[in-house]
Amino acid sequence: MPRILLVEDDLDVRLVMEHTLIDGGYKVDATGTVLDGCKLLESRSYDLVLADGRMSDGTGIELADKARARGTPALIVTGYAFQLPKDDLNRFEVLLKPVRAPELLQAVERVLQAENT
């Protein structure tokens, strides 16, 4: 069962995403800050990092870059795509909020499959 690190600063959104992923058959570690996400990423192996684009202490892009350096793929989910640098957005798959559960699960599977090909 793939393990996902979910980093989302909005508690309500994080809980919905976490339950969607768990219901989709994934193990999930969830947190609300880039700092805590980095700590988890350093302490455990993940199959995917799923991060909010913009958080109070940084961006999901920062976390995604750290994940990629460890060989872990990343998916960015954001409502602020147009406020993030285009070059950053081109490096990762991006979903725009609000995202529906089926779209989230399809994107997660797509990124995981791309990593395994």
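Here's what I pulled together on the structure shown here. Quick caveat, the model's predicted, so the values are computed rather than measured. (Residues numbered from 1 in each chain as written. Predicted model: local features only at pLDDT ≥ 70, side-chain atom pairs only at ≥ 80, totals over all residues. Heavy atoms only, no water.)

1. A look at the overall build of the protein
Here is the rule: In this description a helix means any DSSP run of H or I spanning at least four residues, a strand means any run of E spanning at least two, and both kinds are numbered starting from the N terminus. The quantity called the radius of gyration is restricted to C-alpha atoms. Its globule counterpart is 2.2 Å times the number of residues to the power 0.38. Residue exposure (1.4 Å probe, protein chains only): buried if accessible area is under 20% of the type maximum, exposed if over 50%, otherwise partly exposed. In this description, contact between two residues means that some pair of their heavy atoms is separated by no more than 4.5 Å.
Looking only at helices and strands, the protein features five helices and seven strands. Ordered by position from the N terminus, the helices and strands of the protein form the series β-α-β-α-β-β-β-α-β-α-β-α. The C-alpha atoms of the protein give a radius of gyration of 13 Å, which matches the 13 Å a tight globule of 117 residues would have. A principal-axis box enclosing the C-alpha atoms of the protein has dimensions of 35 × 30 × 25 Å. The burial tally for the protein puts 44% of its 117 residues in the buried class. Counted over contacts in the protein with a minimum sequence separation of 6, partners at least 24 positions apart contribute 63%.

2. Digging into the environment of Val 16
Inspection of the secondary structure puts Val 16 in helix H1 (residues 11-23). A sequence separation of 59 residues divides Val 16 from Leu 75, and the C-alpha atoms of the two residues are 17 Å apart.

3. Some words on unusual backbone geometry
In this structure, Pro 98 follows Lys 97 across a cis peptide bond, with omega equal to -5°. When you line up the elements, Pro 98 lands in the loop between strand E7 (93-96) and helix H5 (101-115).

4. Observations concerning the pattern of salt bridges
Which entries qualify depends on this criterion: Here, a salt bridge means any Lys or Arg side-chain nitrogen found within 4 Å of an Asp or Glu carboxyl oxygen.
Inspection of every chain in the model, using the stated rule, returns seven salt bridges. By sharing partners, the salt bridges in this structure join Arg 3, Asp 29 and Arg 44 into a single network.

5. Details of the sheet that holds strand E6 (residues 74-78)
Where we set the bar: Two strands pair if DSSP finds at least two bridges between them. Axis definition: a line fitted to C-alpha atoms, over the contacting stretch in the case of helices. Angles run 0 to 180 degrees between N-to-C directions.
Spatially, five strands are ordered E2-E1-E3-E6-E7 in an open sheet, and the strand pairing comes out parallel. Each edge of the sheet is formed by a strand with only one pairing partner; in this case those strands are strand E2 (27-31) and E7. Neighbour to neighbour, the strand axes of the sheet diverge by 20° on average, direction disregarded. For strand E3 (residues 48-52) and E6, the ladder comprises four bridges, and the chain directions are parallel. Paired with Ala 51 across the two strands is Ile 76, which belongs to E6. Most of the contacts of H1 go to E2, to which it runs at about 170°, and overall it touches strand E1 (3-7), E2, E3 and E6. Running at roughly 180° to E7, H5 makes contact with E1, E3, E6 and E7 of the sheet.

6. Looking at the pairing of E2
In plain terms, the rule: When the strands point away from the viewer and the connection leading from the first strand across the helix to the second strand turns clockwise, the crossover is called right-handed.
Pairing of E1 with E2, which is carried by five bridges, proceeds in the parallel orientation. Bridge pairing in E2 links Val 7 to Thr 31. With H1 bridging E1 and its parallel neighbour E2, the resulting β-α-β unit is right-handed.

7. Notes on the side chain of Thr 31
Tracing the sequence through the fold places Thr 31 in strand E2. Apart from the residues lying within four places of it in its own chain, the contact partners of Thr 31 are Leu 6, Val 7, Glu 8, Arg 14, Asp 36, Gly 37 and Leu 40.

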